[in-house]
Structures are given as structure tokens and as C-alpha cells.
Amino acid sequence: MNTIIEGTNFQDGCILLVDKPLEWTSFDVVNCLRIQICRALGVKKFKVGHAGTLDPLATGLLLICTGKKTKEIDQLQNCDKEYTGTLKLGATTPSYDGETEESQHFNIEHITTEMIHQAARQLTGHLEQIPPVFSAIKIGGKNAYIHARKGHELKMAARPITIHSFEITEINLPYVSFRVHCSKGVYIRSLAHDFGKILDSGAYLTALRRTKIGNYSVEDAATVEEMKKELSEIQVGEGV
């Protein structure tokens, strides 16, 4: 008995909640499930898309839309998000996360627990955020990260964002864990970078997990392997 996709009608459109694995791109997930769905439907092509990119080094909730539900992708992308993660104080990387090597190092002996909580409070509310150069934002018709990986100098424009809450959940210096509830368009990597600057130090993201998109929660999501297994067991045309 299918438990994850039981009764799902891919033709009319559905939203699948997937827990994206580490080092997979969002497109990897879409492509993998599209192949499985096409096999289940007995077709060569079928509309499948995702509502909000997750970086390869991030895990967590990815909404996969099929069929007519792909028309709702823009609406879903506009929803608030929730993330949990960990940052490392005392160093920075060009990508603001672990994709690139540490390039600068800073003293953290002056940093206190109260300073860490104060920095989180300063990064709460309506803010202007500069996206990382290692991002998918288009610059001259190409993704910014393509230019960045070639060593090109880029000037990223600040964007308005809202951080509804920034909760510090654990401090084990040089690592600080957190939970963030935010608007669309927030780069948590940039938030980590700005966090370090406020503390007169440096910081970069070492772990990130998306836990919510609007009313959807990762607690209700299935792994890619679970999805693949159930889709592979469907007979062509059965329940789809």
C-alpha cells in the first residue's frame, strides 16, 4: 500500500513534500522525481517543478509541484520560510558557506553570550540584505556564481527582506546554532556573514535546514528514496 503518494493524481496536479538530501541540487530532486513520475504515467514528458531553491549544502523542505499545480509555484515561493542552522564565528569564506575554503580569520575572544543574542536582535525586522556573489541571481544574463567562480568582481545590489524572528538555540564557540523565520528572498548565508560583521569578527554558514514553507513542514516530508520506491511500485496508470 502506498503511504506517501496514495491517491495522488499527478495529472490534475499535486504538491509533494520532499526532504532534500545533502549535496543534491534542487534540480537533481526535480529531475529524479520527474523520471519516476513519467514512468508511472507511461509518458515521455510531464510538468514538474520546485517552489524555492535550496543550496546543495542545505537540506530540508522542498516543495515539488506537478501538472497543473506548477501554476502555483510563484505563490508558494512568496510564502514565509523557517530555517535552522549553524554558523562558525572567527572566519569567512567567499561563498559565505562551506562551498569554498576559509579565506579570512578573526579574533573571537571578545565575543560574549550577550553580544551574540544582541547581534541576533539587530538582524531582526525589516532589513536591506546584500546577496552573496555565489548565488543564482542573474548578472549579465548569467548566474552570479558563474562569474564568482571565475574570479570576476561583482557588485550585488541590496534587497529588502524581513526577518520575523532570529532565535539563538545553542552557543558552543566558535559555533552558534539558530532558528530563523523570514520572508521570501532571504539568503541565510548573507545573514551569517552580517552576523559576523556585527560582532566585529567574521562568520560563515556551516549547516542549514529548511523546516517550513508557509503552512508546509519538513516533518510531513518524505525522502527522495521513499518517493522513488513508491513511484517504482505503481503500475502504469494506477492511482495517478
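Conventions we followed
Residues numbered from 1 in each chain as written. Predicted model: local features only at pLDDT ≥ 70, side-chain atom pairs only at ≥ 80, totals over all residues. Heavy atoms only, no water. Helix = DSSP H or I, 4+ residues; strand = E, 2+ residues; numbered from the N terminus. Contact = heavy atoms within 4.5 Å. Phe/Tyr/Trp six-rings, centres within 6.5 Å; stacked < 30°, edge-to-face > 60°. Buried < 20%, exposed > 50% of the residue type's maximum accessible area, 1.4 Å probe, protein only.

*Asks:* What should I look at first to understand the side chain of Thr 59 in this one?
*Replies:* For Thr 59, the location among the structural elements is in strand β3 (residues 58–66). Setting aside its immediate chain neighbours within four residues, Thr 59 contacts Lys 20, Pro 21, Leu 22, Leu 54, Leu 208, Arg 209 and Arg 210.

*Asks:* Hey, could you run me through the packing of aromatic side chains in this one?
*Replies:* Given two aromatic rings, their pairing is described by the distance between the two centres and the angle made by the two planes. Scanning the entire structure with this criterion turns up 2 aromatic pairs. Consider the rings of Phe 166 and Phe 178, whose centres lie 5.7 Å apart with planes at 70°: the pair is edge-to-face. Of this pair, Phe 166 sits in strand β10 (residues 159–172) while Phe 178 sits in strand β11 (residues 175–182), and the two are 12 residues apart along the sequence. As far as burial versus exposure is concerned, Phe 166 and Phe 178 are alike and both buried. Pairing Phe 166 with Phe 195 gives two aromatic rings, centres 5.7 Å apart and planes at 40°, and the pair type is tilted. Placement of Phe 166 in strand β10 and of Phe 195 in helix α5 (residues 188–198) is noted, with a sequence separation of 29 residues between them. Taken together, the ring pairs in this structure connect Phe 166, Phe 178 and Phe 195 into an aromatic cluster.

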